[in-house]
Amino acid sequence: YISIDSYHFKEEYQDFTQDLDAIAIQNERIGNLYKILNELSVRERMIIILRYGLNREEPKSLLEVGHQLSLSKERVRQIEKQVKEKIFYRYKKIT
């Protein structure tokens with residue numbers, strides 16, 4: 001028999017609720033990121049998805065993304081930089 005007032009129970013419960021809060025915050029952030037990604041052009045979205053492995057694959061290099069999208073490595077870098085600025089700006093407006 002474990003008393004609900006026991007220190008161990010309270011400590012475990014507090015850890016559990018903190019974990020749930022952290023998961024909820026993480027899920028909200030992920031949801032916000034996907035909302036922002038859906039506002040991007042198809043090319044911009046593909047660059048970010050491929051570069052950061054958001055498609056559950058390994059992240060791709062600038063060169064690999066460039067080959068896949070028929071762009072130069074430098075152009076992929078430029079677009080990625082612009083998109084990251086858009087995402088940062090948009091994310092600040094949401095949160």
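This section reports on the structure supplied with the text. Source: prediction; values computed, not measured. (Residues numbered from 1 in each chain as written. Predicted model: local features only at pLDDT ≥ 70, side-chain atom pairs only at ≥ 80, totals over all residues. Heavy atoms only, no water.)

**Focus on the overall build of the protein chain**
From N to C terminus, the protein chain includes four helices and zero strands. For the protein chain, contacts bridging at least 24 residues in sequence account for 50% of all contacts bridging at least 6. (Helix = DSSP H or I, 4+ residues; strand = E, 2+ residues; numbered from the N terminus. Contact = heavy atoms within 4.5 Å.)

**Some details on the packing of helix H2 (residues 42-52) against helix H3 (residues 62-69)**
One way to put it is that H2 packs onto H3 with a least axis distance of 10 Å and a crossing angle of 140°. As judged from the angle between their axes, H2 and H3 are oblique. The way H2 lies across H3 gives a crossing that is right-handed. Residues Arg 43, Met 46, Ile 47, Leu 50 and Arg 51 of H2 lie in contact with H3, whose contacting residues are Leu 62, Val 65, Gln 68 and Leu 69. (Axes fitted to C-alpha atoms, helices over the stretch in contact; angles between N-to-C directions. Parallel < 35°, antiparallel > 145°, perpendicular 65-115°, else oblique. Left-handed = near helix turned anticlockwise from the far one by under 90°.)

**Digging into a negative patch on the surface**
Where like charges cluster on the molecular surface, the negative patch consists of Glu 11, Glu 12, Asp 15, Asp 19 and Asp 21. With respect to the helices and strands, the residue Glu 11 is situated in helix H1 (residues 7-39). (Patch = residues over 30% accessible without salt bridge, like charges linked within 9 Å, V, L, I, M, F, W, Y side chains within 5 Å. Areas by Shrake-Rupley, 256 points an atom, 1.4 Å probe, with all protein chains shown as cover. Salt bridge = Lys/Arg side-chain N within 4 Å of Asp/Glu carboxyl O. Lys, Arg positive; Asp, Glu negative; His and termini not counted. Charge placed at Lys NZ, Arg CZ, Asp CG, Glu CD.)

**Examining the pattern of salt bridges**
What the rule picks out here adds up to five salt bridges. Of the charged contacts in the structure, one is a salt bridge between Glu 44 and Lys 86, with a shortest N-O distance of 2.6 Å. You can see Glu 44 sitting in helix H2 and its partner Lys 86 sitting in helix H4 (residues 73-94), a full 42 residues away along the chain. Since its relative accessible area comes to 40%, Lys 86 is described here as partly exposed. Between Glu 57 and Lys 60 there is a salt bridge, with its nearest N and O atoms 3.7 Å apart. (Buried < 20%, exposed > 50% of the residue type's maximum accessible area, 1.4 Å probe, protein only.)

**Quick notes on the environment of Ile 94**
Relative to the elements of secondary structure, Ile 94 occurs in helix H4. Taking the C-alpha atoms as reference points, Ile 94 and Lys 35, separated by 59 residues in sequence, lie 9.9 Å from one another. Setting aside residues no more than four positions away along its own chain, Ile 94 makes contact with Asn 32 and Ile 36.

**Overview of unusual backbone geometry**
In this structure, Arg 56 is a non-glycine residue whose phi angle is positive, near 65°. Position of Arg 56 relative to the elements: it lies in the loop between H2 and H3. A positive phi angle, close to 55°, is found at Ser 70, a residue other than glycine. Note that Ser 70 resides in the loop between H3 and H4.

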